[in-house]
Amino acid sequence: MIRIEGIAKKFGGRPALHPLSFEVRRGEIFGLLGHNGAGKSTTIGILLGQIYPDSGQASIGGCNVHQDRHGALSRLGALFEAPAFYNELSGWTNLRILTAYSRPLPRKQLEATVEMVGLSGRIGDRVSRYSHGMRQRLALAQALLPLPEVLILDEPTEGLDPEGIHEIRNLILRLNREHGMTIVLCSHLLTEVEHLCPRLVILREGRRAFYGQWREGGVRRVRLATDRTDDSLALLQRQGLLTELFPGGEALLSAAANIPEIASYLVQAGHRIEAIGRVENRLEEVYLRALQDVKEESSA
Amino acid sequence: MRLFFTQLGYELWKLFARKRTHIGFGVFLVTEVLILSLLHLPKVQRSFTNLLHENGYLWKDFNTGPTVAFLMVSYTVIILGGLYIALIAGDLVAKEVEDGTLRMVLCRPVSRLRLLALKYATCIIYTIVLVFFIFGSSLLLGLLFQGMGKLFVYSPMDGVFGIFEPREGLLRFLAGTGFLAAALLTVSTLGFTLSCLNMKPATATIITLSILFLDSILRTIPFFKSISPYLLSTNIDRWTYFFDDSVSGWSLAASLLFLFAVNGTLLGIAAAAFQARDFKS
């Protein structure tokens, strides 16, 4: 649905994005992670046709964002981290103005969306009187009008209270399940991405640090329990089958090892296995490890 | 085309929802009332009377609404009008970039050129509305305070001196308004173009005004008379030629053509710059 092919960008001679490629599949919730200055905003800017890449191309639904802007952007809704509105006008007028740049929409559709984001009671108020959370809800409403095929959400829960965060998270899931909407979620909250995004790309200093399914692959973590767990782990590490040990009987498999192999080795060594299995990756670990890898690569 | 006008309607809504858009209208009303009041001071009336006497006319015959309206407009419209036009035009794009609302708009499937056309159309409408407001309110206040009568026109810088019957005076006043609205579009276009470049709204406004003032200063330096026809202020001020029968229509048309050529060049720069710009958060 979204294809980013080798996009690179420099600002004032300083690289903001090194050639970056990734793909977002139709109907998935895809995560875009990275800390400040990692290149997330530049990537989104290029995807929205607001920043021209120095090389490479971005397309949405097969339409090149810069060559067929109308075709690409008519499928898309976007919410920015710090949404800006015409403060002297009401939320309702803001929605009418912004949607008029796509196409004027029937009043009912606007009302239903306002209801969906929970802003019905205050939509007639001036935006200057809105709290940050209300602005965020209004931003989500405008992104959903008209109902897009692709939704780009940059920090959608920023400034919301826990109840609001829960509501928005459910809404994202509902939009994805009921409307088959493809969603790109940019967030610095790892728990947010962990809950919603099976696949993601992690950026660091404009480079791709990780891309793909984060729960499997990449990090190979196992949990082991034997009649003498600590000894078993130490033995496996000495044999080069484990690379790193963690508390609670957890360890990282070496690149060449696999679970049946270490189980067989332990049995042969006379250890009684009580439990052995793969531990799902934690996003925080994937994230930190990916950033570390890129750091090492760049310093090398 | 219908969608364009819907979008233009919203652009105007946005513009006129802002308080600063109305400042120009308010200031002109205050200025007009102030000038009208000052014209009643004995010293000011004496000066006016002497000027008419020197030319064989009587003050009481020309102390009329149209004459007062011309006085109010001719001495204020370029400087004050230019100021408010520059303020709004310099804001149109740059302020939306600064506030971040332009990024919200640019997420929509609207081309940059169309957006630019909408903004420029808004700029044109504001300029025309402001100029007609200045002329309309001056005339209205003049008529209210002094009543209808002959129009006496005196513009020393352009060497214009004329006396007109009420009906003819009003028609020339109206024609002059139309010309000036079109001529002042150059100030709008200059502000608008700078607003499309990568700069703050205040910078765009200040540069526009600096250019306008510098241009006006150059015009007053006698040694630069030969280059005067190529100055913006010279051509904008030609609206006073509507009150001078010795000036041909061609001369007015040439001034407008010159200004439109400047506008066209500036718009080309604006479009190229806006089209090529990166809009970052």
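Here the structure is shown first, and the text comes after it.
Residues numbered from 1 in each chain as written. Chains lettered and ligands numbered in written order. Predicted model: local features only at pLDDT ≥ 70, side-chain atom pairs only at ≥ 80, totals over all residues. Heavy atoms only, no water.

> Which parts of the structure should I look at to understand the pairing of strand 2 (residues 14–24) of chain A?
Residue and element names in this part refer to chain A. Taken together, the seven bridges between strand 1 (residues 2–11) and strand 2 define a ladder with antiparallel strand orientation. Each bridged residue has a counterpart across the sheet, and for Phe11 the counterpart in strand 2 is Arg14. As consecutive antiparallel partners, strand 1 and strand 2 are separated by two residues, and within that stretch Gly12 has a phi angle of approximately 60°, a positive value. (Pairing = 2+ DSSP bridges. Helix = DSSP H or I, 4+ residues; strand = E, 2+ residues; numbered from the N terminus.)

> Is there a simple way to explain the side chain of Thr99(A) in this structure?
Positionally, Thr99(A) belongs in helix 3 (residues 91–100). The contacts of Thr99(A), once residues within four sequence positions are left out, are Pro104(A), Leu105(A), Leu145(A) and Arg108(B). (Contact = heavy atoms within 4.5 Å.)

> Whenever I open this one, empty space enclosed by the protein confuses me. Can you help?
To find leftover empty space, a probe the size of one water molecule is rolled over the atoms. The full count for this structure, using the stated rule, is three cavities of 30 Å³ or more. Forming the boundary of the largest cavity are Leu76(A), Gly77(A), Ala78(A), Gln142(A), Ala143(A), Leu145(A), Cys107(B) and Arg108(B). At the level of secondary structure, the elements contributing two or more residues to the lining of the largest cavity comprise strand 6 (76–79) and helix 5 (132–143) of chain A. Per-element accounting of the lining of the largest cavity gives the leading share, three residues, to strand 6 of chain A. Class assignment of the residues belonging to the lining of the largest cavity gives a composition of five nonpolar, two polar and one charged. Its boundaries defined by the atoms lining it, the second largest cavity holds a volume of some 40 Å³. Around the second largest cavity, the lining residues are Leu39(B), His40(B), Gln45(B), Trp59(B), Asn63(B), Val68(B) and Gln146(B). The class makeup of the residues in the lining of the second largest cavity is three nonpolar, four polar and no charged. (1 Å grid on protein atoms, 1.4 Å probe; cavity = no way out; pocket = protein on both sides within 12 Å on 5 of 7 lines; lining within 4 Å. Points joined across faces, edges and corners; volume = space filled by probe spheres on them. Nonpolar A, V, L, I, M, F, W, Y, C, P; charged D, E, K, R; others polar.)

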